[in-house]
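Each chain, written out:
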Amino acid sequence: MASGLILGILFMRYQKWYLAAVAAGILFGIVWNLWHNTIRNCSEKDSMANARAWMYPAFRVGCFLAFFLAGIFHFAENEAFRQNYMSKLQDGMQVTVQGKLCSKQLKNGQYSYYLDHCYLSIGQEILPCNQILFYQTSDDDSIGQTLIVTGTVELWKSASNDGNFDAKAFYESKKIDFQLKEAIVKNVYGAEDGFGEKIYRLRRKISGVYESCMSTSDAGVLSTMTLGEKNLLDAEVKQMYQKAGISHVLAISGLHISVIGMGLYKLLRKIKCSFLTSGVIAGTVIGGYGMMSGLGTSTIRAVLMFFVLLFGQWIGRSYDTLSALGLSAIVILFDNPYLLWYAGFLLSFAAVLGIVAVGQTLIKIKKPFFTFSENFLVSFAIQLATVPLTAYFFYEVPVWSMLINFFVLPIIGVLLFLGLLGGFVGLLSVRAAGILFVPCHWILVFYEKVCRLSVSLPGAVWITGQPDWQKLLLFYLILGAVLFATK
């Protein structure tokens, strides 16, 4: 279903014959696989069994085709909706927008306000539109309230040079088509979202605990790593992590969910809580944590997959990573099909596919040929699956990242646990939190030294430029062929 939806979106966007050919190839693969494993083994005497054997592949083929068509129509609908108002906007145009405040962030001394369920007033015409971004110097409004804002339209600009930040591609993939400059809030009405606002305030308070108990550099890294709060993150530290190839530890992802969610779930099961009770408590905590950390794309993916795992535990079924990954892709892309061109979405899903497809294959064959630990092989698998995308979006590849991650990842769980625990304890006692932050400081010092060492090594960063998409496709086709041959 997920592959059908993705191909449908791509086909509608580019309208190329070879995308239809890929869809036909996947259909052929489904039918061939099911024929090989199911239908050809049917008994000629058992007509009911034969009927069931034919119904299953027909259902699979039907699901793929249905989601392929859904992808086409869903993307076409979103494009028509966007073009209905974007064709009438120009830089410098004065407009009025009404929308619900869905989230806000403190960045560079300003508050970023994001409105959804928006209506755009252009002259006498009122049009529904996607999300709007504007900045405020004070935090006077609450999440959930409806704001009426006037300001000047500023359309996003594409990168002027290769490798520069492409604001147009980044924000449009988030369904934020323009920002309002010199924005003035004219009116505010409606009740606030009490839970959403409390979560936001909690996030700000915990970030304040980090700021008061740690150095600015440490507080910035820990606040970004645990809360998704990037206001304190030093630009030099961020660049250092990127050059070393460990910037993924700064994003809220499956690693955080496994440390927090699975840790809590296993603890509840150990004290004899039922599957349902343990799942509801752990799921509620993870859902709240996801909201507090801003619900980025990788966070949503990890939370959805965790919910699938909990549901499977409750009904007594085994957890299949690829099925959970496919379901999360469907949910995310139905909400926003443009995320298919967002680096965070692609890297997050590629990393999980690398663990499942590449990592598991390497682990199976490691005993006869390798003496590496499984952690090293998983790290290698992630790098192998994501390095083409890294080159495509960032124009460079950190050469030693696999080796660096081998030292970084084993202790990231300790850092996250102590960082979050210290943040909550600090709401009650700053002194007690300071004790918990001592190991966090030394782990971050270790990370910094490892990063600086990696950057100083010869050939630390390979400047690739942006490779053609055909090269990326060729790389993944060769990788897939190698994996298939080793099975």
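Rules of the game
Residues numbered from 1 in each chain as written. Predicted model: local features only at pLDDT ≥ 70, side-chain atom pairs only at ≥ 80, totals over all residues. Heavy atoms only, no water. Helix = DSSP H or I, 4+ residues; strand = E, 2+ residues; numbered from the N terminus. Buried < 20%, exposed > 50% of the residue type's maximum accessible area, 1.4 Å probe, protein only. Lys, Arg positive; Asp, Glu negative; His and termini not counted. Salt bridge = Lys/Arg side-chain N within 4 Å of Asp/Glu carboxyl O. Polar contact = N/O pair within 3.5 Å; in protein donor to acceptor, adjacent residues only side chain to side chain. Contact = heavy atoms within 4.5 Å. Pairing = 2+ DSSP bridges. Patch = residues over 30% accessible without salt bridge, like charges linked within 9 Å, V, L, I, M, F, W, Y side chains within 5 Å. Areas by Shrake-Rupley, 256 points an atom, 1.4 Å probe, with all protein chains shown as cover. Core = buried A, V, L, I, M, F, W, Y, C linked by side-chain atoms within 4.5 Å. Axes fitted to C-alpha atoms, helices over the stretch in contact; angles between N-to-C directions. Parallel < 35°, antiparallel > 145°, perpendicular 65-115°, else oblique. Left-handed = near helix turned anticlockwise from the far one by under 90°. Phe/Tyr/Trp six-rings, centres within 6.5 Å; stacked < 30°, edge-to-face > 60°. Lys NZ or Arg CZ within 6 Å of the ring centre and 35° of its normal.

One can find Asp 116 in strand S2 (residues 110-122). This buried residue, Asp 116, is left without a salt bridge; Lys 100 holds the nearest opposite charge, at 6.6 Å. At 3.1 Å, the side chain of Asp 116 forms a polar contact with the side chain of His 117. When sequence neighbours within four positions are dropped, the list of residues in contact with Asp 116 reads Gly 99, Lys 100, Cys 102 and Gln 131.

Turning next to the side chain of Ser 142. The topology assignment puts Ser 142 in the loop between strand S4 (131-136) and strand S5 (146-155). Judged by relative accessible area, which is 12%, Ser 142 ranks as buried. A polar atom in the side chain of Ser 142 sits 3.0 Å from the side chain of Glu 192. Sequence-distant contacts of Ser 142, defined by excluding residues within four places in its chain, comprise Leu 101, Lys 104, Glu 192 and Glu 197.

Another aspect to go through is the pairing of strand S1 (residues 94-107). Bridge count for S1 against S5 is 7 bridges, and the pairing is antiparallel. Of the residues in S5, the one forming a bridge with Val 97 is Val 149. Bridge count for S1 against S2 is 10 bridges, and the pairing is antiparallel. Paired with Leu 106 across the strands is Tyr 111, a residue of S2. Counted along the chain from S1 to the antiparallel partner S2, the turn is 2 residues long, and its residue Asn 108 has a positive phi close to 55°.

This next bit is on a nonpolar patch on the surface. A contiguous nonpolar surface patch, about 580 Å² in accessible area, is contributed by Phe 275, Leu 276, Val 280, Phe 311, Trp 314 and Ile 315. Mapped onto the nonpolar patch, the elements with two or more residues apiece are helix H9 (275-292) and helix H10 (297-315). As for its position among the elements, Leu 276 is in helix H9. The class of Leu 276 is partly exposed, set by a relative accessible area of 43%.

Okay, the nonpolar core next. By size, the foremost hydrophobic cluster in this structure holds 48 residues, and its most contacted members are Tyr 210, Tyr 241 and Leu 415. Per-element tally for this core: the top contributor is helix H16 (residues 430-456), with 8 residues. In this structure, Leu 101, Tyr 113, Leu 120 and Ala 183 belong to the second largest nonpolar core, which totals 26 residues.

Burial analysis of S5 places 7 of its 10 residues in the buried class, which makes it a mostly covered element. Bridge analysis of S5 against strand S6 (residues 176-189) gives 9 bridges, and the strand direction is antiparallel. Bridging from a neighbouring strand, Thr 152 pairs with Lys 181 of S6.

What follows is about the packing of helix H15 (residues 412-425) against H16. It is the contact of H15 with H16, at a shortest axis distance of 9 Å, that shows an interaxial angle of 150°. As summarised for this structure, H15 and H16 are arranged roughly antiparallel, according to the angle between their axes. Relative to H16, the crossing made by H15 is left-handed. The segment H15 lies against H16, with Ile 412, Val 414, Leu 415, Leu 418, Gly 419, Leu 421, Gly 422, Gly 423 and Val 425 engaging Ala 432, Ala 433, Leu 436, Phe 437, Pro 439, Cys 440, Ile 443, Leu 444 and Tyr 447.

Any aromatic ring pair is given by two values, namely how distant the centres are and how the planes are angled relative to each other. Counted under the stated rule, the structure contains 17 aromatic pairs. Consider the rings of Trp 156 and Tyr 171, whose centres lie 4.0 Å apart with planes at 10°: the pair is stacked. Highlighted residues: Trp 156 in the loop between S5 and helix H4 (167-173) and Tyr 171 in helix H4, separated in sequence by 15 residues. Comparing Trp 156 with Tyr 171 shows no difference in burial state: the two are buried. Considering the side-chain rings of Phe 475 and Tyr 476, the 5.5 Å spacing of their centres and the 90° angle between planes classify their relative orientation as edge-to-face. In this structure, Arg 13 packs its charged tip against the face of Trp 341, placed 4.4 Å from the ring centre. The residue whose ring lies beneath Arg 82 is Tyr 338, and the NZ or CZ to ring-centre distance is 4.0 Å.

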